[in-house]
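Survey of secondary and tertiary structure
In case you want the letters, here they are:
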Amino acid sequence: MVPMVFSTTLLSGIVALNAVGLIGILVWHLISAERAIIRLVVQIAFFVTMSGLLLRHDILPRGTVDGEIGWQSVALVAAKLLWWLHLAWALIGFVRIYLVVEGHPRQARLLQDLVVGGVYLGTAAAMLAFVFAVPIGTLVATSGVVAIILGLALQNTLGDVFSGIALSIGRPYAIGDWILLGDGTEGRVVESNWRSTHLLTSTCNIVVLPNSILAKLALTNISRPAEAHVLVMTLRIAPTRMPSVIVEVLRSALVSCNTILRDPPPAVAVRKLDATALEVELQFTVHSPSHRTPARNEVVDRVYRHCKSAGLLLALPPTAGILTADLPTEETAATPPVTALGLIDAVPIFSRLEPEEKRRLADAASTRTYAAGDVVAEEGAILDCLMIVRAGTIQILQGGKTVRFLSAGDAFGELGLLAGSVMLCRMEALSPVTVYVIPERIIAELLAERPGLAEDLARELADRLPSHAFEGPSEDRRRKIPTLIRTIKALVRKDAARVSPPA
């Protein structure tokens, strides 16, 4: 072997290669990781520059250095190693630029890490073979035996890793998606790595699932194509009315719910009919799985109110074991009474009244009916009476958009009657509506007989003002109570002006 002669030109080229390589490393570290594209362009630019210097000075990136080991030889080896390192970074740069341009960096994270690891491994092997003349064949044969031993020892871990790669490529879910597994596990994906996936369940617990197990289970992605979730409830109604009547009552109950979506519209499907019950299925949609519990609770409450208002009876379960002759029919079923007194008992602001006082209010109540589409109360009015919905559904509109629904048992007008609040909404009958109307005079008489009742009512109303449709200017709760007390007492003195709703 002829020792390499280091001429002045060659030495200057070697020094330039080392300088460019080291400056490239420094610049790469100075550029923040948030500027990924700039960093990758810089990597490629330095590699191209180093390749140009190699060609200009006739330096090959392969081959060992013969002769005495001096600083020139060490500098040449360092220059070659820096070139191979920048080659690896340039290849990685092309991979990452492709992923950024494609717009799928998160989904391809595991695949990207796998490619990057392969590039580094290949570059390290090339450095050993081309720069240091290490026999790679023998090394590969030896490492194959080691790989078999490690593979058997890490069988489960490797199964999780490759399952994670398969899940990353298939992309059945993403971070933030709500998924349901075949074994009943359900939750929101909060983390996904090489070995496992973490789910946040509805009980606020973290479930860690190995990727190998997750890949074998049936998976339902509830968040795709949208987060909206369809719920189904089965209900049994005694066949005391025609099925079309029962279906319409239940449909009205669903329409009056505030926690379910309007689009797609809720539906009522008849499943079967026998001598004991009409079995129906309530189908409705909620914003997300986290809204299921409040939506179910409200649907049950609305269905109960509407069934009671329409005189429908819930059927006994099939396992009750009673004779068919004992079941109510359309001719024998008694309509459950829905009285003004029963509804007054349900109004929170009258919870402190004595039974006799509630009876006085009920005796003074009159009924008022509205056809579908009629205006119950105009925006800007101050109601001078308390209204309690007997039957039907009222929609509350603000800016032309429906924001809330009232149905059987709901009361309105108390804030205008007792606090003088101006209505910030318009109320329309969504279906035929019947309401009980309690006049201002009867309530004023009760307040005159029981002065302490004004303070109780003021405290009750102060808690409801911030979130109610009749909300006035925002105030601190402690400042509201004295103001409300004075306003309620003004009702007794007949000093407050009132605007009656249209009949």
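Residues numbered from 1 in each chain as written. Predicted model: local features only at pLDDT ≥ 70, side-chain atom pairs only at ≥ 80, totals over all residues. Heavy atoms only, no water.

Overview of the overall build of the chain
Within the chain one finds 15 helices and 16 strands. Counting over 503 residues, the chain shows a buried share of 42%. Pairs at least 24 residues apart make up 72% of the contacts formed inside the chain by residues separated by at least 6 positions. Within the structure as shown, the chain displays about 26400 Å² of accessible surface, and the carbon and sulfur contribution to it stands at 61%. (Helix = DSSP H or I, 4+ residues; strand = E, 2+ residues; numbered from the N terminus. Buried < 20%, exposed > 50% of the residue type's maximum accessible area, 1.4 Å probe, protein only. Contact = heavy atoms within 4.5 Å. Areas by Shrake-Rupley, 256 points an atom, 1.4 Å probe, with all protein chains shown as cover.)

Some thoughts on the pairing of strand 7 (residues 267–273)
As judged from the 6 bridges shared by strand 7 and strand 8 (residues 278–286), these two strands associate in the antiparallel manner. Within the sheet, the bridge partner assigned to Ala269 lies in strand 8 and is Glu281. (Pairing = 2+ DSSP bridges.)

Side note on the sheet that holds strand 7
One open sheet holds the 3 strands; their spatial order is 6-8-7, and the pairing between them is antiparallel. Edge positions in the sheet fall to strand 6 (229–237) and strand 7, since each has one partner strand and no second. Between one strand axis and the next, the sheet turns through 25° on average, direction left out of account. Together, strand 6 and strand 8 form the strand contacts of helix 9 (residues 292–310), whose direction differs from that of strand 6 by roughly 30°. (Axes fitted to C-alpha atoms, helices over the stretch in contact; angles between N-to-C directions.)

Details of the sheet that holds strand 10 (residues 375–377)
Sheet architecture is open: 4 strands sit in the order 10-15-12-13, paired in antiparallel fashion. Taken across any chain shown, the strands that pair with only one partner, and hence form the sheet edges, are strand 10 and strand 13 (401–406). With strand direction ignored, the average angle separating the axes of adjacent strands in the sheet is 35°. Sheet topology places strand 12 (residues 394–398) next to strand 13; 5 bridges connect them, and they run antiparallel. Across the sheet, residue Gln398 finds its bridge partner in strand 13, namely Lys401.

Focus: unusual backbone geometry
The step from Arg224 to Pro225 runs through a cis peptide bond, and the omega angle for that step is 0°. Mapped onto the elements of the fold, Pro225 is located in the loop between strand 5 (219–221) and strand 6. Note the cis peptide between Asp263 and Pro264, where omega equals 5°. In this structure, Cys204 takes a positive phi of about 65° despite not being glycine. With respect to the helices and strands, the residue Cys204 is situated in the loop between strand 3 (196–200) and strand 4 (206–210).

With respect to the side chain of Ser288
Tracing the sequence through the fold places Ser288 in the loop between strand 8 and helix 9. A polar contact of 2.9 Å, which involves the side chain of Ser288, links it to the side chain of His291. Not counting residues within four places of it along the chain, the set of residues in contact with Ser288 comprises Glu227 and His229. (Polar contact = N/O pair within 3.5 Å; in protein donor to acceptor, adjacent residues only side chain to side chain.)

Examining a nonpolar patch on the surface
Where nonpolar side chains cluster on the molecular surface, the patch consists of Val190, Leu200, Ile206 and Val208 and spans about 310 Å² of accessible area. Tracing the backbone shows Leu200 in strand 3. The exposure class of Leu200 is partly exposed, given its relative accessible area of 33%. (Patch = residues over 30% accessible without salt bridge, like charges linked within 9 Å, V, L, I, M, F, W, Y side chains within 5 Å. Salt bridge = Lys/Arg side-chain N within 4 Å of Asp/Glu carboxyl O.)

Describing the nonpolar core
Residues Ile14, Leu17, Met50, Ile59, Trp83 and Trp84 are the most contacted members of the largest nonpolar core, which totals 23 residues. Elements with a minimum of two residues in this core: helix 1 (8–30), helix 2 (36–56), helix 3 (71–102) and helix 4 (109–131). Counting residues per element, this core draws most heavily on helix 3, which supplies 8 residues. Apart from residues no more than four positions distant in its own chain, Trp84 is found in contact with Pro61, Thr123, Ala126, Met127, Phe130 and Val131. (Core = buried A, V, L, I, M, F, W, Y, C linked by side-chain atoms within 4.5 Å.)

Some words on the packing of aromatic side chains
For any pair of aromatic rings, geometry is given as the distance between the ring centres together with the angle between the planes. Counting across every chain of the model gives 2 aromatic pairs. Ring geometry for Phe47 versus Trp83: centroids 5.6 Å apart, planes at 40°, classification tilted. Of this pair, Phe47 sits in helix 2 while Trp83 is found in helix 3, placing the two residues 36 residues apart along the sequence. With a centroid separation of 5.1 Å and 85° between ring planes, the pair formed by Trp83 and Trp84 is classed as edge-to-face. Residue Trp83 is classed as buried on the basis of its relative accessible area, which comes to 11%. Three or more aromatic residues link up through ring pairs in this structure, and these residues are Phe47, Trp83 and Trp84. (Phe/Tyr/Trp six-rings, centres within 6.5 Å; stacked < 30°, edge-to-face > 60°.)

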